[in-house]
Amino acid sequence: MCLSSADMVEVFSGRILVNKDGDLVDPEEALRNKVVGIYFSAGWCPPCRDFTPILCDFYTELVEESDPPAQFELVFVSSDKSTEDMVEYYHDMHGDWLALPWTDEYKHELKQRYKITAVPRLVIVKENGDVITDKGRKQIRDRGLACFRSWLDASEIFQNFSG
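Just so it is clear, the model here is predicted, and its values are computed rather than measured. (Residues numbered from 1 in each chain as written. Predicted model: local features only at pLDDT ≥ 70, side-chain atom pairs only at ≥ 80, totals over all residues. Heavy atoms only, no water.)

### Here's the deal with helix α6 (residues 146-155)
Along α6, the residues classified as buried are Cys147, Phe148, Trp151, Leu152 and Ser155. Buried positions in α6, seen along its axis, are confined to an arc of 140 degrees and lie on one side of it. On its buried side, α6 packs onto β3 (35-41), α2 (46-64), β4 (72-78), β6 (121-125), β7 (131-133) and α5 (136-143). Following α6 by one or two positions, Glu156 adopts a phi angle in the positive range, close to 65 degrees. (Buried < 20%, exposed > 50% of the residue type's maximum accessible area, 1.4 Å probe, protein only. Helix = DSSP H or I, 4+ residues; strand = E, 2+ residues; numbered from the N terminus. Arc of directions from axis to C-beta. Contact = heavy atoms within 4.5 Å.)

### Looking at unusual backbone geometry
Residues Asp67 and Pro68 are joined by a peptide bond in cis, for which omega reads 0 degrees. Residue Pro120 is bonded to the preceding Val119 through a cis peptide linkage, with omega at 0 degrees. Within the element layout of this structure, Pro120 appears in the loop between α4 (106-113) and β6. Positive phi values are uncommon outside glycine, yet Lys115 reaches one of about 55 degrees.

### Observations concerning the environment of Thr117
Position of Thr117 among the secondary structure elements: in the loop between α4 and β6. Distance from Thr117 to Cys48, taken between C-alpha atoms, is 14 Å for residues 69 residues apart in sequence.

### Points about the packing of aromatic side chains
One pass over the structure, following the stated rule, counts 11 aromatic pairs. For the pair Tyr39 and Phe51, a centre-to-centre distance of 5.9 Å together with 65 degrees between the ring planes defines the contact as edge-to-face. You can see Tyr39 sitting in strand β3 and its partner Phe51 sitting in helix α2, a full 12 residues away along the chain. Each member of the pair, Tyr39 as well as Phe51, is classed as buried. Judged by centre distance (5.7 Å) and plane angle (75 degrees), the ring pair of Phe72 and Phe148 falls under edge-to-face. With Phe72 in strand β4 and Phe148 in helix α6, this pair connects stretches of sequence that are 76 residues apart. (Phe/Tyr/Trp six-rings, centres within 6.5 Å; stacked < 30°, edge-to-face > 60°.)

### Notes on the confidence of the model for the chain
With 91% of its residues at a pLDDT of 70 or more, the chain shows a mean pLDDT of 90. Segment residues 1-8 is flagged for pLDDT under 50; beyond a separation of four residues in sequence, or across chains, it makes 7 contacts in the model. (pLDDT = per-residue confidence, 0-100.)

Here it is in structure tokens:
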């Protein structure tokens, strides 16, 4: 059976994501043919505040400064205590990636699915939500941009990345 890529973005299918400008984003379009990092994090968490700037640099170099941009997108899933806390942390510290709205109860399902017991946690997944690695944070710290190539190779997506 041949699936079109539109059938593959299962992990956030039927959900609405937001960007830093507050615009609503369709995940089917935004995540199609990309390696997806699901970033479980919170502003009240010192290790999160420590790692988020590193993740910003990684994302900027990979997506915003590469030509063509790498086939990678991040989705922030907040463990903050309120919408206000999430929005403040997202705007102050995060890169120009996407987020699941704080009010979306799907975050609990995601935490269960990916066995999230503590933050920060960066889970790298294929378009269909299958895990490539749940050690994204460690791999970025240890290997920097080099880890993206192994994620891409494991993702089974059509590649246009030459880095």
